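Below are the chains, spelled out letter by letter.
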Amino acid sequence: VSQSRYEGRSGWTANKFYTDATSPFVFGGVFNFGQYLSANSIVAPDYLIINLGVNDVFQEKSDEAVLVKIANTLVQYQGMIDSIKAYSTAIKVGIAVTIPPAYDQESFGKSLGVNYQRWRVKRNNHLWNRALINYFKDNEADGVYLVPINTNLDTRYSMGLESLPVNARNTKTVESIESNGHVHPSESGYWQIADVYWYWLKSFES
């Protein structure tokens, strides 16, 4: 890959990228990929990866609420892809299958107290990924591909670790996932994600 560009924004959702006036892709209230390229003097890419979903479903507290959010988000994903393909059907679009949260509740407690439970976030993630896979699984003929980054992330050892005493009266330490690691990988975790991106890109070479 000779050139790459990254447009990630901490805490942003698909809805914000698709509709918000501050989104780099929204012009006159409309998501417009071609205008984004023109405004930034960017040559049309060969590949584009959409990696969203964590922030879209994270806060929902019931299956019913998650399913409503999923339906809206898939419409927005399709709108993004339609805009990309309207500019160039040659662009290959990768849909990253959203990564799971850290493997235990402790990191959630450190970061969020009692406001969110790991089981609920994992359930939301499962519902979202199932819908995402079902929606895009047969789109390769149109240049849209699922990229399974969720399968290559070590949610125990690649979510950021810190050493903590086993208890207040004992100086022995154990490794524990740090407070920001409930849904955020460490550097090693991001490299695991990058490995999947790399092999997805390499898969198109003859």
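Residues numbered from 1 in each chain as written. Predicted model: local features only at pLDDT ≥ 70, side-chain atom pairs only at ≥ 80, totals over all residues. Heavy atoms only, no water.

## So, the packing of aromatic side chains
What counts, and what does not: Think of it this way: a Phe, Tyr or Trp ring, Trp meaning its six-membered ring, pairs with another when their centres are within 6.5 Å, and the plane angle makes it stacked under 30 degrees, edge-to-face over 60, tilted otherwise. Only runs of H or I of at least four residues qualify as helices and only runs of E of at least two qualify as strands under DSSP, and these elements are numbered from the N terminus. Think of it as a cone above the ring: NZ of Lys or CZ of Arg counts as a charge over the ring if it is within 6 Å of the ring centre and within 35 degrees of the ring normal.
Summed over the entire model, instances satisfying the criterion amount to 16 aromatic pairs. Look at Tyr-77 and Phe-136: their rings are 6.2 Å apart centre to centre, the planes differ by 40 degrees, and that puts the pair in the tilted class. Of this pair, Tyr-77 sits in helix α4 (residues 63-87) while Phe-136 sits in helix α6 (residues 118-136), placing them 59 residues apart in sequence. Cluster of aromatic residues (ring-pair linked, three or more members): Trp-12, Phe-17, Tyr-18, Phe-25, Phe-31, Phe-33, Tyr-36 and Tyr-87. Over the ring of Trp-12 we find Lys-16; its NZ or CZ atom is 5.0 Å from the centre of that ring. Lys-92 extends its terminal NZ or CZ atom over the ring of Phe-204, reaching a point 5.3 Å from the ring centre.

## So, helix α7 (residues 187-202)
Applicable threshold: Given a helix with a known number of residues, its expected span is that number minus one, times 1.5 Å. Note on exposure labels: buried denotes an accessible area under 20% of the residue type's maximum, exposed denotes more than 50%, and partly exposed covers the range between, all computed with a 1.4 Å probe on protein chains only. The arc in question is the one traced by the directions running from the helix axis out to the C-beta atoms. Here, two residues are considered to be in contact whenever any of their heavy atoms come within 4.5 Å of each other.
Here α7 contains 16 residues, and its C-alpha end-to-end distance of 22 Å stays within 8% of the 22 Å for a straight helix at 1.5 Å per residue. Turning to α7, its buried residues number three or more, namely Gly-189, Ile-193, Val-196, Tyr-197, Trp-200 and Leu-201. In an axial view of α7, the angular spread of the buried residues amounts to 140 degrees, which keeps them on one side of the axis. Across from the buried face of α7, at angles greater than 90 degrees, the exposed residues are Glu-187, Trp-191 and Tyr-199. The elements touched by buried residues of α7 are β3 (47-50), β4 (92-96) and β5 (144-147).

## Side note on the environment of Gln-76
Heads up, the condition is: Side-chain atoms alone can form a polar contact between residues adjacent in sequence; in general such a contact is a pair of N or O atoms within 3.5 Å, and within protein one must be able to donate a hydrogen while the other accepts it.
On the secondary structure map, Gln-76 appears in helix α4. When sequence neighbours within four positions are dropped, the list of residues in contact with Gln-76 reads Ala-14, Asn-15, Tyr-18 and Thr-19. For Gln-76, the side chain forms a polar contact with the side chain of Asn-15, separated by 2.7 Å.

## A word on the pairing of β3
Here is the rule: Here the rule is simple: two strands pair whenever DSSP picks up at least two bridges between them.
Of the two faces of β3, the one holding Leu-48 and Ile-50 is buried and the one holding Tyr-47 and Ile-49 is not buried anywhere. Strand direction decides the pairing type here: β3 and β4, joined by 4 bridges, are parallel. From the neighbouring strand, Leu-48 faces β4, where its bridge partner is Val-93.

## A look at the side chain of Ser-158
Checked against the element boundaries, Ser-158 lands in the loop between β5 and β6 (161-167). Under the relative-accessibility criterion, Ser-158 is labelled buried at 5%. Within polar-contact distance, the side chain of Ser-158 engages the side chain of Gln-192 at 3.2 Å. Apart from residues no more than four positions distant in its own chain, Ser-158 is found in contact with Leu-153, Pro-185, Ser-186, Ser-188, Gly-189 and Gln-192.

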